Amino acid sequence: MSLSMGGSFTFPGTNLTVNRMGYGAMQLAGPRVFGPPKDPDTAVAVLKEAVASGVDHIDTSDFYGPHVTNQIIKRALHPYPKNLVIVTKVGAKRGADASWNRAESPEELRAAVDDNLRNLGLDSLDVVNMRVGHLGLGDAPVRGHVEVLAQLKKAGKIKHVGLSNVTAKQFAEARAVTEIVCVQNEYNLVHRGDDPFIDQLAKEGVAYVPFFPLGGFTPLQSSTLSEVAKAAEATPMQVALAWLLQRSPNILLIPGTSSLGHLRENLAAAKLKLSPKMIERLDSIATA
Ligand SMILES: NC(=O)c1ccc[n+]([C@@H]2O[C@H](COP(=O)([O-])OP(=O)(O)OC[C@H]3O[C@@H](n4cnc5c(N)ncnc54)[C@H](OP(=O)(O)O)[C@@H]3O)[C@@H](O)[C@H]2O)c1
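Conventions adopted
- Residues numbered from 1 in each chain as written.
- Predicted model: local features only at pLDDT ≥ 70, side-chain atom pairs only at ≥ 80, totals over all residues.
- Heavy atoms only, no water.
- Salt bridge = Lys/Arg side-chain N within 4 Å of Asp/Glu carboxyl O.
- Helix = DSSP H or I, 4+ residues; strand = E, 2+ residues; numbered from the N terminus.
- Axes fitted to C-alpha atoms, helices over the stretch in contact; angles between N-to-C directions.
- Parallel < 35°, antiparallel > 145°, perpendicular 65-115°, else oblique.
- Contact = heavy atoms within 4.5 Å.
- Nonpolar A, V, L, I, M, F, W, Y, C, P; charged D, E, K, R; others polar.
- Near = heavy atom within 4 Å.
- Polar contact = N/O pair within 3.5 Å; in protein donor to acceptor, adjacent residues only side chain to side chain.
- Buried < 20%, exposed > 50% of the residue type's maximum accessible area, 1.4 Å probe, protein only.
- Pairing = 2+ DSSP bridges.
- Right-handed = clockwise from strand over helix to strand, strands pointing away.

Chemist: What should I look at first to understand the pattern of salt bridges in this one?
Modeler: In a structure, side chains of opposite charge can pair up when their charged atoms sit close to one another. The final tally for this structure, using the stated rule, is 16 salt bridges. Residue Asp283 is joined to Arg192 by a salt bridge in which the shortest nitrogen-to-oxygen separation is 2.9 Å. In this pair, Asp283 is assigned in helix α10 (residues 276-287) and Arg192 in the loop between β10 (180-184) and α6 (195-204), connecting sequence segments 91 residues apart. Across the pair Glu227 and Arg281 runs a salt bridge whose closest N-O atoms are separated by 2.7 Å. Of this pair, Glu227 sits in helix α7 (residues 223-232) while Arg281 is found in helix α10, placing the two residues 54 residues apart along the sequence.

Chemist: I keep staring at the packing of helix α5 (residues 168-175) against α6 and nothing clicks. Help me out?
Modeler: Between two packed helices, both the angle of their axes relative to each other and the distance between the axes serve to describe the pair. Orientation of α5 relative to α6, taken along the N-to-C sense of each, is 30 degrees, at an axis distance of 11 Å. Comparing the axis directions of α5 and α6 gives the class roughly parallel. Together, Ala168, Phe171 and Arg175 of α5 and Phe197, Gln200, Leu201 and Glu204 of α6 make up the contact between the two elements. For the contact of α5 with α6, the per-class residue count stands at 4 nonpolar, 1 polar and 2 charged.

Chemist: What is the right way to look at the site of the ligand in this model?
Modeler: Taken together, 26 residues sit near the ligand, with Asp59, Leu214, Thr257, Ser258 and His262 positioned nearest. At 2.9 Å, a backbone N or O of Gly256 approaches an oxygen atom of the ligand. Between an oxygen atom of the ligand and a side-chain N or O atom of His262, the distance comes to 2.5 Å. Looking at the shell around the ligand element by element, the count peaks at 3 residues for helix α9 (residues 260-268). By residue class, the composition of the shell around the ligand is 10 nonpolar, 12 polar and 4 charged.

Chemist: Looking at this structure, how should I read the pairing of β10?
Modeler: Along any regular strand the residues' side chains alternate between the sheet's two faces. Taking burial as the measure, the 5 residues of β10 include 5 buried ones, the bulk of the element. With 3 bridges joining them, strand β9 (residues 158-164) and β10 adopt parallel strand pairing. Bridge pairing links Leu163 to Val183 in β10. Once the chain exits β9 it traverses α5 before rejoining the sheet at β10, and the crossover so formed is right-handed. The pairing of β10 with strand β11 (residues 207-208) spans 2 bridges and is parallel. Paired with Val183 across the bridge in β11 is Tyr208. A crossover links β10 with its parallel partner β11, the connecting element being α6, and its sense is right-handed.

So, in structure tokens, the structure goes:
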């Protein structure tokens, strides 16, 4: 494990250890995460360089594209290095108009796992996140969905189960069904609703994987962030990532990019150390 990649983390109850600096593959599909990218060769190059640079944790889903992102991962990296952990998610499907729709019935979950296996070229998926409903559904029951994934785990199609877009209550409900190794929710410098949940998961040794670490479709912008970046001789995006790494040891990063330049910039953030004074200023952004 490489210290220059943010140190390492072992998913609880597993033999899967990854560098804390990983990569999120959603940006490799076309515009609006739909259809093929404009430049598939660059998408392949981004993945190859990420792994060559030490990334051993890639986040994806078969509903990115749909199918496109997984097919690019397979083209770039199959046969996969032994240490590479690919985390995927199920629970949604795309409409012909690029819309995002729920797909949570047992049949849809089983079909989504098969789609991921086929398009990634795997016999078994390392980690499958149950992406629960859509934002704003609150504490909707998750037990039934997680039971389906637990059955697929027994059948050997899935090795480990995670959750996405969940509350602490849903996490507790899911955990009563099967071990949950990670939670993937929206969290970044300005979007900090999960602060108590992150601390709880840290105590329990469960990975917290923030999506939109850079603000997602609306990249983070803040004068304080820019000032701290200047003082740290880094870019604002690097500071946003370094802040997450320093926020809690169970946080794993999956910043997304379709660009080699941004990939290099983001990976270099793992080496950036922010002073307590800088952290204090960054913490003030969310409360301002
Ligand atoms: N569970 C869920 O519901 C869910 C939802 C959303 C995402 N995710 C996962 O989380 C991962 C990360 O989220 P995300 O990619 O949506 O958002 P993100 O990592 O916060 O930001 C990606 C955006 O920032 C840009 N960017 C990346 N690096 C940059 C840099 N150094 N300087 C300036 N701009 C930069 C990217 O554009 P360029 O391509 O031009 O670099 C892209 O527009 C995804 O890949 C996906 O795997 C999960």
